[in-house]
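# Fold and geometry: a report
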Amino acid sequence: MNKWTKALGVLAATAMLVPLAACGGGTRGTTAGGGSGSDGVKVGISMPEQMLERWKIDGENLKKQLEGYGYDVTLQYADGKTDLQTSQIQNMANNGMNYVVIASIDGTATGAAAEQVAANGGKVIAYDRLIMNTDAVDYYATFSLEDVGRMQGEYIEQKLGLKDGQKGPFNVELMAGSPTDNNAGYYFKGAWDVLGPYFKSGVLQSKSGKVPSSADDWQSIGIDNWDRQKAQNEMENRINSFYNDGTKLDAVLAQNDAEATGTYNTVEAAGWDYYPIITGQDAEKANVQAIVQGKQSMTVYKDTRELAKATAEMIKALVDGKEPSAPDTFNNGTKDVPSQLLTPVTVDKDNLKEVLVDGGYISAADAGL
């Protein structure tokens, strides 16, 4: 169990692991003896949007995995609109989905729709983002969240030579993720555990002054909906106000690839002859190319094929009357949700070909090699 999840409590009651009976008597996709077949098993997938390449890939991968088991799969994207996602999930519940996989836009707002799925006898699996403040979420599949931020922080630490005793002071700007995304707090905590002590000692500083007082204050520097344009606007304001007089910007903690794109676009527009260290997350195609071109420094690669596989295997276990693999827990404010955490990987120019291209995630041409 990962160190930050150990303190979140014990696994939820064993009864959670038994597929619920559907409304109106009988069970959905299972036999009375606990065995099952794929006939009649209906699975809904709710993804937040398609504008970010990763969600389109996630949805297609998961749909393919589940259809491989013979299930009837409905995949919908919510175009980044919370109300639309809620409506789509409610329709899935009313259409008798046995299992609904939800990658939330807003982990709190999604709770009511998850409760409708549960009320109609379905199981809810939170995908990558935890659904908050409800007992209607049965399982959670994601990556080791604090590890993502820790990898970003350690990359900045390494490239600035902080462990080797470099004193700077270095100018570092910080951005966190969407305030509505529960994951974003974990990402920032992982990064802050590494970088925070350097800010406190004065080795790192921020000319904009936008440094949270603690990891718990991460929302003060959050970028709504992880939006690229909002991140770009934020960095334009900071660069124009604090760095266009020749002051060097050494690094930017951008916590996903959209924020990274907004950052290097701003640097290009400013006409600088260098790029600061810029972190990211998700290994989007355009950002992989940016790493090859030297615009972005690194990204944290989360193999969504593996996440889709883990989620599909959770559902397969439930259909077969077995306990899914969920050895960790995350507390969502109401319950300790059984969770499976996968391992992310730091990717930069040095290992990009080996990890992404040779690993079959992206072609050499798409990577810009």
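These figures come from a predicted structure and were not determined experimentally. Numbering of residues starts from 1 in every chain and runs along the sequence as written. Owing to the predicted nature of the model, reporting of local features is limited to residues with pLDDT of at least 70; listing and counting of side-chain atom pairs is limited to 80 or more, with chain, interface and lining totals taken over all residues. The side-chain numbers reported here are obtained from all heavy atoms of the structure, hydrogens and water having been left aside.

## Some points on the nonpolar core
Heads up, the rule is: Here the nonpolar core consists of buried residues drawn from Ala, Val, Leu, Ile, Met, Phe, Trp, Tyr and Cys, with membership extended through side-chain atoms lying within 4.5 Å. We call a residue buried when its accessible area falls under 20% of the maximum for its residue type, exposed when it is over 50%, and partly exposed in between, using a 1.4 Å probe and counting protein chains only. Helix and strand assignments come from DSSP, with helices taken as H or I runs of at least 4 residues and strands as E runs of at least 2, each series counted from the N terminus. Here the bounds of each domain stem from an automatic or database domain assignment. Between two residues, a contact is recorded if the distance between any of their heavy atoms is within 4.5 Å.
If you look at the biggest cluster of nonpolar residues, it comprises 52 residues, and the most contacted ones within it are Leu160, Leu174, Phe188 and Leu204. The biggest single contributor to this core is helix α6 (residues 182–201), with 10 residues. Each of domain 1 (42–137 + 304–343) and domain 2 (145–301 + 347–367) accounts for three or more of the residues forming this core. Once residues within four sequence positions are removed from consideration, Leu174 is found in contact with Phe188, Trp192, Leu195, Phe199, Lys210, Val211, Pro212, Ile221, Arg238 and Leu253. Grouped together as the second largest cluster of nonpolar side chains are 30 residues, Val41, Leu52, Leu307 and Met314 included.

## Notes on the pattern of salt bridges
Filter applied, for reference: When a carboxyl oxygen of Asp or Glu lies within 4 Å of a side-chain nitrogen of Lys or Arg, that pair is called a salt bridge.
Here the structure, examined in full by the defined rule, presents 22 salt bridges. Notably, a salt bridge pairs Arg54 with Asp282, separated by 3.7 Å at the nearest N-O pair. Taken together, the residues Arg54 in helix α2 (residues 53–68) and Asp282 in the loop between β9 (277–278) and α9 (285–293) connect sequence positions 228 residues apart. Both residues of the pair, Arg54 and Asp282, count as buried. Close ionic contact of Lys295 with Glu268 constitutes a salt bridge, the shortest N to O distance being 2.9 Å. Taken together, the residues Lys295 in the loop between α9 and β10 (298–301) and Glu268 in helix α8 (residues 257–270) connect sequence positions 27 residues apart. Among the ionic contacts, a cluster of salt bridges with common partners joins Arg54, Asp58, Asp128, Asp282 and Lys302.

## Focus: the packing of aromatic side chains
Counted only if it meets this: Only rings of Phe, Tyr and Trp enter the pairing, Trp through its six-membered ring, and a pair is recorded when the two centres are within 6.5 Å. The plane angle decides the type: under 30 degrees is stacked, over 60 is edge-to-face, the rest tilted.
One pass over the full model with this rule turns up 8 aromatic pairs. An angle of 45° between the planes, with centres 5.7 Å apart, marks the rings of Tyr69 and Tyr71 as tilted. When the ring of Tyr186 is compared with that of Phe330, the centres are 5.0 Å apart and the planes differ by 85°; the resulting orientation is edge-to-face. Of the two residues, Tyr186 is situated in helix α6 and Phe330 in strand β11 (residues 328–331); the sequence distance between them amounts to 144 residues. Assigned by exposure class, Tyr186 and Phe330 land together as buried.

## Some remarks on the pairing of β10
Here is the rule we go by: When DSSP finds two or more bridges between two strands, those strands count as paired.
Both faces of β10 are covered, namely the face carrying Met298 and Val300 and the face carrying Thr299 and Tyr301. Both β10 and strand β13 (residues 345–348) contribute to a ladder of 4 bridges, which runs antiparallel. Opposite Met298, over in β13, you have Asp348 as the bridge partner.

## Here's the deal with the pairing of strand β6 (residues 170–174)
What counts, and what does not: Place the viewer so that the strands point away; then a crossover is right-handed whenever the path from the first strand over the helix to the second strand goes clockwise.
Most of β6 is tucked away, with 5 of its 5 residues classed as buried. Neither face of β6 is left uncovered, since the one carrying Phe170, Val172 and Leu174 and the one carrying Asn171 and Glu173 both have all their residues buried. Of the pairings in the sheet, the one linking β6 to strand β7 (residues 204–205) comprises 2 bridges and is parallel in character. Pairing of Asn171 across the sheet is with Gln205, part of β7. Crossover handedness for the path β6 to α6 to β7: right-handed.

## A word on the confidence of the model for the chain
Low pLDDT means the predicted coordinates in that region are not meant to be read closely. The condition is simple: Per-residue confidence from the predictor is reported as pLDDT, a score between 0 and 100.
The predicted model of the chain averages 89 in pLDDT, with 90% of residues at 70 or higher. Every residue in residues 1–36 scores below 50 in pLDDT, and together they form 83 contacts with partners more than four places removed in sequence or on other chains.

## Focus: the sheet that holds strand β4 (residues 123–127)
Cut-off, in case you're wondering: Note on method: axes are straight lines fitted to C-alpha atoms, helices fitted across the in-contact stretch only, with angles between N-to-C directions ranging 0 to 180 degrees.
Across the sheet, 7 strands lie side by side as β2-β1-β3-β4-β5-β12-β11; this open sheet has mixed pairing. At either end of the open sheet lies a strand with only one pairing partner, and these are β2 (72–77) and β11. Taking each pair of neighbouring strands and ignoring which way they run, the sheet shows an average axis angle of 25°. When strand β1 (residues 42–47) meets β2, the two strands line up parallel, connected through 6 bridges. For Lys42, the partnering residue across the bridge sits in β2 and is Asp72. With respect to the sheet, helix α3 (residues 82–94) is in contact with β1, β2 and β3 (99–102), its orientation differing from that of β1 by roughly 180°. Packing of helix α10 (residues 304–319) onto the sheet brings it into contact with β1, β3, β4, β5 (139–143) and β12 (336–342), and relative to β5 it is tilted by some 160°.

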